[in-house]
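Residue-level structure breakdown
Chain residues, written in single-letter form:
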Amino acid sequence: HLTPVAIYHADPTARQLRLQIMRDHPIRIGDPESVVGQAAADGRPYLVKDVRLRGLLKNAECLSINSLIAAPILSKGKILGVLASSITNPSRRFTETDLRLATALADRAALAIENSRLYEQEQALRHTMEELNRQLADSLEQLQLSQRQLLQAEKLASLGKLSAGVAHEILNPLTVVSGRLQLLLMQPNLTPDIQKIY
């Protein structure tokens, strides 16, 4: 079914009444009793100069329609909707010129709808890109922090190796000196003053 999106009438009460009638009596796409439904189904514009001569036309009587134009809104071969216009004044009728104008307006509407959709997609892509950039910046910051921590850990590991090497180099001679002193203390001829020093 087609859903009415926008309705215009100079009288606000009549506009609301028309909208309510269209909601209460939805038009099925391809409905043979509906010029608008046919335009939505086959993508062709329709002109009904005099509804009374056309025969049964859905909602025509309750909407007081005397003449009707239905121009499909097409974008890339896809039907997006139907631009429909009607005349309620019995002395006025739509013409072929009016149909061409309605078709041109429908083409402009299709372009506007397509541009709106493209803008929406562009905004969604922009938002996605901004989010990805933020995540990338966070990851880069985390990587830099990890690199600093790794560098610090490598420095500490090198310092530990250096300390172990220095300690080893100092302990080797001290072990020799300590061993010699112990041997020296075992000698029986040492005076008590020398034993006290060691």
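First, a word on scope: everything that follows refers to the structure included in this document. (Residues numbered from 1 in each chain as written. Predicted model: local features only at pLDDT ≥ 70, side-chain atom pairs only at ≥ 80, totals over all residues. Heavy atoms only, no water.)

With respect to the sheet that holds strand 3 (residues 78-87)
Here three strands make up an open sheet; going across it, the order is 1-2-3 and the pairing antiparallel. The open sheet has two edge strands with one neighbour each: strand 1 (46-48) and strand 3. Neighbour-to-neighbour, the strand axes of this sheet turn through a mean angle of 15 degrees, independent of strand direction. Direction of pairing for strand 2 (residues 67-75) relative to strand 3: antiparallel, over a ladder of nine bridges. (Pairing = 2+ DSSP bridges. Helix = DSSP H or I, 4+ residues; strand = E, 2+ residues; numbered from the N terminus. Axes fitted to C-alpha atoms, helices over the stretch in contact; angles between N-to-C directions.)

Considerations on helix 1 (residues 12-24)
Taking 1.5 Å of rise per residue, the 13 residues of helix 1 would be expected to cover 18 Å, and the 18 Å separating its terminal C-alpha atoms lies within 8% of that figure. Of all the positions in helix 1, only Ala14, Arg18, Leu19 and Ile21 are classed as buried. End-on, the buried residues of helix 1 take up no more than an arc of 160 degrees, which puts them together on one face. Facing away from the buried surface of helix 1 by more than 90 degrees, the exposed residues are Thr13, Gln16 and Arg23. (Expected span 1.5 Å × (residues − 1). Buried < 20%, exposed > 50% of the residue type's maximum accessible area, 1.4 Å probe, protein only. Arc of directions from axis to C-beta.)

Details of the pattern of salt bridges
Per the counting criterion, the structure on display carries seven salt bridges. Between Lys76 and Glu114 there is a salt bridge, with the nearest N and O atoms lying 3.4 Å from each other. Of this pair, Lys76 sits in the loop between strand 2 and strand 3 while Glu114 sits in helix 4 (residues 96-185), and the two are 38 residues apart along the sequence. Here Lys76 falls in the exposed class, since its relative accessible area comes to 73%. When its relative accessible area of 15% is taken as the criterion, Glu114 is described as buried. Notably, a salt bridge pairs Arg134 with Asp138, separated by 2.8 Å at the nearest N-O pair. Note that Arg134 and Asp138 are positioned in helix 4 at a spacing of four residues, about one turn of the helix. Accessibility expressed as a relative area gives 40% for Asp138, which makes it partly exposed. Through salt bridges with shared partners, one network takes in Glu131, Arg134 and Asp138. (Salt bridge = Lys/Arg side-chain N within 4 Å of Asp/Glu carboxyl O.)

Describing the environment of Arg44
Tracing the backbone shows Arg44 in the loop between helix 2 (35-42) and strand 1. You can call Arg44 partly exposed: its relative accessible area is 47%. Counting along the chain gives 127 residues from Arg44 to Leu171, while the straight-line C-alpha distance between them is 101 Å. Excluding residues within four positions of it along the chain, Arg44 makes contact with Ala39, Ala70 and Pro72. Side-chain polar atoms of Arg44 contact the side chain of Tyr46, separated by 3.4 Å. (Contact = heavy atoms within 4.5 Å. Polar contact = N/O pair within 3.5 Å; in protein donor to acceptor, adjacent residues only side chain to side chain.)

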